[in-house]
Amino acid sequence: MNPSEQFVEHGISQQNLKRTSCATVLTLAYQSLGVVYGDLSTSPLYVYKSTFSGKLSLKEDDEEIFGVLSFIFWTFTIIALFKYVFIVMSADDNGEGGTFALYSLLCRHARLSILPNQQPTDEKLSSYAIEYSADTWQSALLKLFFEKHPRFQKGLLIFVLLGTCMTIGDGVITPAISVFSAVSGVQVKINQLHDNYVVIMSCVILVGLFSIQHHGTHRVAFMFAPVVAAWLLCISGIGIYNIFYWNPQIYRALSPVYMLRFLRTTGIEGWMSLGGVVLSITGVETMYADLGHFSALSIKIAFTCLVYPCLILAYMGEAAFLSKHHYDIQRSFYRAIPEAVFWPVFIVATFAAVVGSQAVISATFSIISQCCALNCFPRVKIVHTSSRIYGQIYVPEVNWILMCLCLAVTIGLRDTNMMGHAYGLAITTVMFVTTCLMTLVMVIVWKQGILKAIICLLLFGSIELLYISASICKVFEGGWIPLVLSFIFMGIMFTWNYGTMKKHQFDVENKVSMSKILSLGPCLGMVRVPGIGLIFNNLTSGVPAIFGHFATNLPAFHQVLVFVCVKSVQVPYVCENERLVISRIGQKEYGMFRCIVRYGYKDLQQENYNFENKLVSAIIQFVEIEESVPESTHELSMDDGNLNVEDLESVYKDESLQILKAKESGVTYIIGHSYAKAKKSSSILKKFVIDIVYAFLSKNCRDPDVVLNVAHTSLLEVGMVYHV
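Residues numbered from 1 in each chain as written. Predicted model: local features only at pLDDT ≥ 70, side-chain atom pairs only at ≥ 80, totals over all residues. Heavy atoms only, no water.

Points about the overall build of the chain
So, step 1. Along the chain, the regular secondary structure elements total 27 helices and eight strands.
So, step 2. Sorting the 724 residues of the chain into buried and exposed places 57% on the buried side.
So, step 3. In the structure as shown, the chain presents an accessible area of about 30,000 Å², 62% of it carried by carbon and sulfur atoms. (Helix = DSSP H or I, 4+ residues; strand = E, 2+ residues; numbered from the N terminus. Buried < 20%, exposed > 50% of the residue type's maximum accessible area, 1.4 Å probe, protein only. Areas by Shrake-Rupley, 256 points an atom, 1.4 Å probe, with all protein chains shown as cover.)

Encoded structure:
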């Protein structure tokens, strides 16, 4: 088992990696090449081609090529190196990175969370980790602003969803442009090869790539790092060769003066061409998003020591070649490769494109899983692809949708230039969202002065807005694709979140008061039958309306009743020993308990891990502790596979024994099958959203019993209509 697998399997905090050996950090740095930098390292395949795809043309004085290289160098240095490596990667959420990590930090420190069922006890979680330092007047003012204006809290969520949806759009475009760019290189050697054959070859590779997703990446992950390392060394070596062979003076382009000359001489055409330049930093967001799989130090070492210098040399070498071959711009990358090594580099390029695509696809699965946990996406099937490496998942529905969209983009556009226009808009939007969230984190979480935060916002935000403006100009030339995809996914996410919150609001407003239930006496006015009844609901207090609905129609219930609430907490992970919170409802003779099951936004929510035994064990521990039994008599392993009444009869007291006997009689899952309908007084828009869109999503998503992996013989569904 490699170090990163050990780290993930045992759930050690990312921050503990700082104390690990140098060998471990260097090993993680090497492994991060395949997972983190596959997308970023394949950018040279299409950057210059996309930049000069419009009316901008190379002139004899090389001003344009020097200006473009200067833009690439400084964009790469300021955004990738300064922003992400030195600043953004310091804002980790218990070792996790990405858009949701920044949002989670803000939610905990400024109480912005829109997740229902949040309780003060959640703040005692070990992963909650709030440093209660004194607020500055700036941070206090920002917190007060969000507290007094709930609309801005919802606006912040929409802003985060925008960045998330653009990332999903990135998952559609990256495989298409990477694979198509790599495969199209074959036309350099086979001139008569028609574009249709390139498209077919690309589609075959894409279909193969998506078809093997269900096997998981761990089976072939050992190849990822060597492929990307070989690719980086190849392009940097070719870059050095081209610099010395074609134009040793190309280093002069690193001066920022050439950027100003470029914009002054090319005008609006030069500004519009920046939509191609921004493709040089595709994948830098992945460095931050994949922080949880490695340590920040290992990712920084890999970037600064290998990725950054190799890519800069590659861009400089290609620019040196172009300075002497102005008419080879559409095939510049492959034409710049020396004849003797063309085919080996072509093969490595194809493999590198596949590796880069794989990383983005896996990241998309992870994002969808997080959205489900935050009630922002319909329930989908999530499959573990590795029993050793936590977090490697596969989402079948999303996988096939991505494949169809990738094939549609490849077949429909047939041009890396148009794909590049779409790609540039997607990645710059995600980067701008990160910059804005980072500004809030600096003030609210880090307690930095507002001036520092504004300087960072102006420095990085202005650069990103410049590239966004250049990409927006290409909306009708392919840039519409990420916009359409993002708005579709945002519509789905916001509708699902809105409908879910309305149903929860209905539950809160219509819950049965505990005093009314307990006034019915120990039998609750019903026949109590042997067994344990697990009533799944969305409330952390009170009795759900669905219980009253059930009791009214069938006045019989189990000897032991447990109200189970599965909820998400605004932290990435919840430790197993903090997962369940048990409390008693009423007197001992009622036999009623409440169990709150807590998950983080990166935890995989599923109850097929011996949940019944874990729950019964936790309840018995609670009962024994409640009765102040000495510790030696109430120890019970949370991992016990089978609970034997005979073996435990001498240890547990009467109530514990009754609970064990009830379990042997059978456990029944009572799950509400509720349907949301808009009230008659609702607006037409609300009726459309709830009665049509939300109803369609609810009908086609996975039912709770499937998610919980409940056998049909143990399932009891209660239907109910929610008028929201």
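Some details on the pairing of strand β4 (residues 556–568)
So, step 1. Among the 13 residues of β4, ten are classified as buried, and the element is accordingly described as predominantly covered.
So, step 2. Direction of pairing for strand β3 (residues 527–537) relative to β4: parallel, over a ladder of nine bridges. Among the inter-strand pairings, Gly 533 is bridged to a residue of β4, identified as Leu 561.
So, step 3. Relative to strand β6 (residues 592–599), β4 runs parallel, the two being bridged by eight bridges. Opposite Ser 568, over in β6, you have Tyr 599 as the bridge partner. (Pairing = 2+ DSSP bridges.)

A few points about a nonpolar patch on the surface
So, step 1. Together, Trp 137, Leu 141, Ile 450, Leu 451, Ile 454, Ile 455 and Leu 458 make up a nonpolar patch on the protein surface, roughly 750 Å² of accessible area in all.
So, step 2. Mapped by element, the contributors of at least two residues to the nonpolar patch are α7 (137–148) and α19 (450–472).
So, step 3. If one sorts the elements of the nonpolar patch by residue count, α19 sits on top with five residues.
So, step 4. Structurally, Ile 454 is set in helix α19.
So, step 5. A relative accessible area of 37% places Ile 454 in the partly exposed class. (Patch = residues over 30% accessible without salt bridge, like charges linked within 9 Å, V, L, I, M, F, W, Y side chains within 5 Å. Salt bridge = Lys/Arg side-chain N within 4 Å of Asp/Glu carboxyl O.)

Re the sheet that holds strand β7 (residues 667–677)
So, step 1. The strand order across the open sheet built from six strands is β5-β6-β4-β3-β7-β8, with neighbouring strands paired in mixed fashion. Two strands in the sheet have a free side with no partner beyond their single neighbour: β5 (580–585) and β8 (715–723). Averaged over all neighbouring strand pairs, the angle between strand axes comes to 25°, with direction disregarded.
So, step 2. Helix α23 (residues 611–626) contacts β3, β4, β5, β6 and β7 of the sheet and is inclined by roughly 55° relative to β5. (Axes fitted to C-alpha atoms, helices over the stretch in contact; angles between N-to-C directions. Contact = heavy atoms within 4.5 Å.)

A short note on the packing of helix α8 (residues 150–183) against helix α20 (residues 480–509)
So, step 1. Their axes nearest at 8 Å, the elements α8 and α20 cross at an angle of 130°. As far as their axial angle goes, α20 and α8 are oblique. The chirality of how α8 crosses α20 is right-handed. Where α8 approaches α20, its residues Lys 154, Leu 157, Ile 158, Leu 161, Leu 162, Thr 164, Cys 165, Met 166, Ile 168, Gly 169, Val 172 and Ile 173 are matched on the opposing element by Pro 482, Leu 483, Leu 485, Ser 486, Phe 489, Met 490, Met 493, Phe 494 and Asn 497.
So, step 2. Taken together, the residues that form the contact of α8 with α20 break down as 16 nonpolar, four polar and one charged. (Parallel < 35°, antiparallel > 145°, perpendicular 65-115°, else oblique. Left-handed = near helix turned anticlockwise from the far one by under 90°. Nonpolar A, V, L, I, M, F, W, Y, C, P; charged D, E, K, R; others polar.)

Digging into unusual backbone geometry
So, step 1. The backbone of Arg 414 sits at a positive phi, close to 55°, despite the residue not being glycine.
So, step 2. As for its placement among the helices and strands, Arg 414 is situated in the loop between α17 (396–413) and α18 (416–444).
So, step 3. Its identity is not glycine, yet Lys 447 carries a phi of approximately 60°, on the positive side.
So, step 4. Mapped onto the fold, Lys 447 is located in the loop between α18 and α19.
So, step 5. Looking at Lys 447, the relative accessible area reads 15%, which means it is buried.

Examining α17
So, step 1. Here α17 is 18 residues long and its end C-alpha atoms lie 26 Å apart, about the 26 Å a rise of 1.5 Å per residue gives.
So, step 2. Considered for burial, the residues of α17 that qualify are Pro 396, Val 398, Asn 399, Leu 402, Met 403, Cys 406, Leu 407, Val 409, Thr 410 and Leu 413. Looking straight down α17, one finds that the buried residues subtend no more than 165° of arc, so they occupy a single side. (Expected span 1.5 Å × (residues − 1). Arc of directions from axis to C-beta.)

Concerning empty space enclosed by the protein
So, step 1. Applying the stated criterion to the full structure yields four cavities of 30 Å³ or more.
So, step 2. Put simply, the largest cavity is a space of about 120 Å³.
So, step 3. Looking at the largest cavity, it is lined by 13 residues, and the ones nearest its centre are Leu 45, Lys 49, Gln 330, Arg 331 and Tyr 334.
So, step 4. The leading source of residues in the lining of the largest cavity is helix α15 (residues 332–335), at three residues.
So, step 5. Looking at side-chain class alone, the lining of the largest cavity contains four nonpolar, six polar and three charged residues.
So, step 6. Considered as a void within the structure, the second largest cavity measures approximately 80 Å³ in volume.
So, step 7. In this structure, the second largest cavity is lined by Pro 44, Ile 235, Ile 238, Gly 239, Asn 242, Ala 314, Gly 317, Glu 318, Phe 333 and Ala 336.
So, step 8. If one sorts the elements of the lining of the second largest cavity by residue count, helix α10 (residues 221–246) sits on top with four residues.
So, step 9. Tallied by class, the residues present in the lining of the second largest cavity amount to six nonpolar, three polar and one charged. (1 Å grid on protein atoms, 1.4 Å probe; cavity = no way out; pocket = protein on both sides within 12 Å on 5 of 7 lines; lining within 4 Å. Points joined across faces, edges and corners; volume = space filled by probe spheres on them.)

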